[in-house]
Amino acid sequence: MAATLIDGKALAARLRQQLTTEVEELRQRGVVPGLAVVLVGDDPASRVYVSMKEKACAQVGIFSAEHRLPAETSQQQLLELIGQLNQDRRIDGILVQLPLPGHIDENAIIAAIDPAKDVDGFHPVSVGRLAIGQPGFRSCTPFGVMKMLEDIGCDLNGKEVVVVGRSNIVGKPVALMCLAQNATVTLCHSRTRDLAAHVGRADVVIAAVGRPEMIQGDWIKPGAVVIDVGINRLADGRLVGDVAFEAAAARASAITPVPGGVGPMTITMLLYNTVESARQRP
Ligand SMILES: NC(=O)C1=CN([C@@H]2O[C@H](COP(=O)(O)OP(=O)(O)OC[C@H]3O[C@@H](n4cnc5c(N)ncnc54)[C@H](OP(=O)(O)O)[C@@H]3O)[C@@H](O)[C@H]2O)C=CC1
Ligand SMILES: Nc1nc(=O)c2c([nH]1)NC[C@@H]1CN(c3ccc(C(=O)N[C@@H](CCC(=O)O)C(=O)O)cc3)C=[N+]21
């Protein structure tokens, strides 16, 4: 079986087109959606992501305000900036790029963001709303995964979904989102015994581990849908996912590539959440 490629880049482009129209309509009503992007320090990967986010905002007409702070910024200074952004009426969304330097408590920073501006969906209020099935901001990577599944017509009702990885930003929330759509969800992690057996039962596999090609092709049940969230840079510069792509594609019915899969959707859902927040402006 040759799997269908799930083209995240193309879906992201379509959604960004729709968002451009929606932003135009909001602007005509005098509302310019605004996103504040906060970067502390000069981690090269984070710098790349932050400039991709700014470019994406410009592309759909969202106002973006960047705050690049030195690595020595204190937690107190960062909290003060968050406080200002919480009050700033031009700002609908606040994104603090993670990871933060070691001397800053990430949980304290996330908790300081006004939940009404938590477009990353990382605030305990947003996470709690997801857990109890209330509307609220959904974190962007898992939200993008759900949009991709919806786009290919993958109905999760009663399906076996196996998520590999239980981080707060990907594995755990994507498991909750699949549960909300009536999947039977298994959440695997580094202590899981016999990962291959779990993956082998899955109608849908969602990999978010951060280990290059660790999910082997012959683990995949024939006809399964494979979503690869992993982004790993190899020594030779190549980007690969957490799934051994070629071998998995030979068995799957549909699979996401890396790059060009989940990655472009993450930033798109950030734009989506920012536009939604602007719509809900008090
Ligand atoms: N496409 C996108 O937009 C995004 C991509 N990513 C990528 O997704 C990947 C995961 O990111 P993130 O969730 O932040 O990673 P974390 O490092 O926070 O979490 C990794 C998870 O994988 C589990 N794990 C580690 N080793 C194994 C193993 N041998 N078997 C089973 N599970 C294992 C860990 O288990 P335990 O909890 O037991 O330690 C942990 O739950 C990375 O490659 C990252 O770059 C991340 C965010 C966005
Ligand atoms: N507060 C916060 N929110 C985040 O959402 C957040 C974060 N911190 N820290 C880091 C992770 C990672 N992340 C990605 C975003 C886009 C791509 C992406 O667009 N990837 C492209 C290109 C990859 C490349 O060329 O490097 C692709 O997969 O095709 C990937 C990963 C957001 N994150």
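Residues numbered from 1 in each chain as written. Chains lettered and ligands numbered in written order. Predicted model: local features only at pLDDT ≥ 70, side-chain atom pairs only at ≥ 80, totals over all residues. Heavy atoms only, no water.

Taking an unreviewed UniProt entry as the reference, the protein chain is identified by name as Bifunctional protein FolD belonging to Desulfuromonas thiophila. What UniProt states about the protein chain under its Subunit (unreviewed entry) heading is, verbatim, "Homodimer." Recorded in UniProt under Pathway (unreviewed entry), the annotation for the protein chain is "One-carbon metabolism; tetrahydrofolate interconversion." (UniProt positions renumbered as here; feature names shortened; annotations may be inferred.)

J.: What is the right way to look at the sheet that holds strand E4 (residues 93-96) in this model?
T.: Picture the strands of a sheet paired through backbone hydrogen bonds; they go either parallel or antiparallel. Reading across the sheet, the three strands line up as E3-E2-E4 and stay open at both edges, with parallel pairing between neighbours. Looking along the sheet, the strands with just one partner apiece sit at the ends: strand E3 (63-69) and E4. Adjacent strand axes in the sheet meet at a mean angle of 15° when their direction is disregarded. Relative to E4, strand E2 (residues 34-40) runs parallel, the two sharing four bridges. (Pairing = 2+ DSSP bridges. Helix = DSSP H or I, 4+ residues; strand = E, 2+ residues; numbered from the N terminus. Axes fitted to C-alpha atoms, helices over the stretch in contact; angles between N-to-C directions.)

J.: In this structure, what is going on with the pairing of strand E7 (residues 204-207)? I would like to understand it.
T.: Working note: regular strand, side chains alternate between the two faces of the sheet. Burial along E7 is two-sided: the residues Val-204 and Ile-206 and Val-205 and Ala-207 are all buried. As judged from the four bridges shared by strand E5 (residues 160-164) and E7, these two strands associate in the parallel manner. Residue pairing in the sheet places Val-161 in a bridge with Val-204 of E7. Bridge count for E7 against strand E8 (residues 225-228) is four bridges, and the pairing is parallel. Across the sheet, residue Ile-206 finds its bridge partner in E8, namely Ile-227. (Buried < 20%, exposed > 50% of the residue type's maximum accessible area, 1.4 Å probe, protein only.)

J.: Sorry if this is basic, but what is going on with the pattern of salt bridges here?
T.: For side chains of opposite charge, pairing can occur when their charged atoms come near one another. Within the structure shown, the criterion is met by nine salt bridges. Among the salt bridges present, the one from Arg-68 reaches Glu-54, with a minimum N-O distance of 3.6 Å. With Arg-68 in strand E3 and Glu-54 in helix H2 (residues 44-60), this pair connects stretches of sequence that are 14 residues apart. A single salt-bridge network, built from bridges that share partners, covers Glu-22, Glu-276 and Arg-279. (Salt bridge = Lys/Arg side-chain N within 4 Å of Asp/Glu carboxyl O.)

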